Amino acid sequence: MKKILTLVLIGTVLSLFSCQKDDDSENASLTYRTTDYSGAIAHEWMQLGYQMIKDNYLYGPHAARVYGYLGLTTWEAVYAGIPGARSLAGQINDYEEATLIDRSKVYDWGIVLCTAQKTVFPYLVDNMSNAQRSQVEVLAALQEDQMMDKGTTEEVRQRSQELGLAIGNKIVERIRRDGRDVIRNIVPTIPVRDAEHPWYWDPNTFGQAPVEPMWGTVRTFATSNSQACEIEAPFPYSTDPSSDFHREALEVYQVEKNATNKAIAYHWENGPGRTCSPACHWINIAQQLLERENMNLAECAKTYALTGFAVADAFSSSWFMKYKFFLLRPATYITETIDPNWTALVGTPPYPDYTSGSSTVGGAVPVVLSYVFGDIGFVDRTHVGSPLYTPDGGPFVLPERTFTSLTKAGEEQALSRIVGGVHFRRACDLGLESGRCVGNTVLARLEFGF
């Protein structure tokens, strides 16, 4: 009896081993697993995006869209190398079908990724130079060589390239139909500020046309549309000293230009050509956390997708509100109503006040990053050694900045726009609220299976 039981156990073990072997032969795509790759592969593409956005002086909405697509491309290129993971096709807007993957074949997911990114990148940055196109090609070639040095065969390389190209082309299809190309050639009629409309944003104050007034029509990723997280209207315009509007203007005017407030305002100053927008700043924070925790490519791909969608949809939400209300900036109101000689700590960008894009992003991204890491403290080194010139002088060379939590960092980002003199409080407080709606929508809608 004991001998029979032993034979049964041996047979059971052999049967399980045989089943596992059969499963592996039917799913050769897991020969290389995404979890075995370094996250550096993804970080390098995000950093290239950061540099190109900065060098091309792209404003916030455009920069955020770039990261939405870079995050999508990263995930779609590598998810099939993660057991149980799912494509985002059918989960995000206007991306219905995943690229077909033959699970009986072996792929190198690093090569799939660099080929997909190489395919998508040229469609994301306006006026990309030949030198920048070469940077994309060079990075892809270097990463591919790294994969080959680990023993990938020529057959697997070619198959992986073909899959990466197919994934990239499918994402390019979405890029072409998301509405961005349509609005590039449309110059809308901008409401004129006059005696009957004193609350309107005045381009004459800043000497520039408003940035991307039709961005609210560009297709979002996870929120149903740019209005999905719409919040309340701004306070009614008033010069009455007892009004909410005047009270908020007075708060901005009375900000002390001391070392504490300068540190806050300058750390979160992310204008074009600097850190390449609030979206880039948060992508950089995400990278710092991923590197600190030594997370693999699978974890990085998921994090960059979540962060990319959060920043893109947050800017869509903010830009819809900006051009719905077309509210003037504190700089206009204060110099007209309170003090004609007043200047802000940082420069006012050329688009309306309500809501604050920085605040909306500061609400959205901490929600999704807290899902990945917990609401952890961190040291932000985005600006270490970076020179900043402001209306207050410069250059100011900035240090690192420590935060007790991701949520607190987002809240300080919103506060920075008040102490910096570029937004009324309501634009920041309700921007945070709208952004948290965006972040929670991203988490609620998407299922990665990993």
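Preceding block: the structure.
A few points on the structure.

Attention now moves to the layout of surface pockets. Take a probe with the size of a water molecule and roll it over the atoms, and the empty space left behind shows itself. Approximately 480 Å³ is the volume found for the largest pocket. Lining the largest pocket are 31 residues, and of these Glu269, Gly271, Pro272, Gly347 and Pro349 sit closest to its centre. Those elements that place two or more of their residues in the lining of the largest pocket are helix 11 (277–292), helix 12 (297–325), helix 14 (357–373) and strand 2 (387–390). The leading source of residues in the lining of the largest pocket is strand 2, at 4 residues. Grouping the constituent residues of the lining of the largest pocket by class yields 16 nonpolar, 11 polar and 4 charged. Reported here for the second largest pocket is a volume of approximately 230 Å³. Along its surface, the second largest pocket is lined by 14 residues, and Arg180, Pro210, Val211, Glu212 and Pro213 are the ones closest to its centre.

Attention now goes to the side chain of Asp126. Secondary-structure assignment places Asp126 in the loop between helix 4 (109–120) and helix 5 (130–149). For Asp126, a relative accessible area of 18% puts it in the buried group. Among the polar contacts made by the side chain of Asp126, one reaches the side chain of Arg180 at a distance of 2.5 Å. Beyond its immediate sequence surroundings of up to four residues, Asp126 is in contact with Asn56, His62, Arg180 and Arg184.

Next up on the list: helix 14. For helix 14, built from 17 residues, the straight-helix expectation of 24 Å at 1.5 Å per residue is met to within 8% by its first-to-last C-alpha distance of 24 Å. With 15 of 17 residues buried, helix 14 lies mostly within the body of the structure. Sitting at the amino-terminal end of helix 14 is Ser356, which places a side-chain oxygen 3.5 Å from the backbone nitrogen of Ser358. Gly374 lies just past helix 14 and shows a positive phi near 85°.

On to the pairing of strand 2. Looking along a regular strand, one sees side chains alternate from face to face of the sheet. Residue alternation in strand 2 divides its side chains into a buried set, Leu388 and Thr390, and an unburied set, Pro387 and Tyr389. By the bridge criterion, 3 bridges tie strand 2 to strand 3 (residues 393–397) in an arrangement that is antiparallel. Looking across to strand 3, one finds that Leu388 is bridged to Phe396. Hairpin connection of strand 2 to strand 3: 2 residues between the antiparallel strands.

The rules behind the values
Residues numbered from 1 in each chain as written. Predicted model: local features only at pLDDT ≥ 70, side-chain atom pairs only at ≥ 80, totals over all residues. Heavy atoms only, no water. 1 Å grid on protein atoms, 1.4 Å probe; cavity = no way out; pocket = protein on both sides within 12 Å on 5 of 7 lines; lining within 4 Å. Points joined across faces, edges and corners; volume = space filled by probe spheres on them. Helix = DSSP H or I, 4+ residues; strand = E, 2+ residues; numbered from the N terminus. Nonpolar A, V, L, I, M, F, W, Y, C, P; charged D, E, K, R; others polar. Buried < 20%, exposed > 50% of the residue type's maximum accessible area, 1.4 Å probe, protein only. Polar contact = N/O pair within 3.5 Å; in protein donor to acceptor, adjacent residues only side chain to side chain. Contact = heavy atoms within 4.5 Å. Expected span 1.5 Å × (residues − 1). Pairing = 2+ DSSP bridges.

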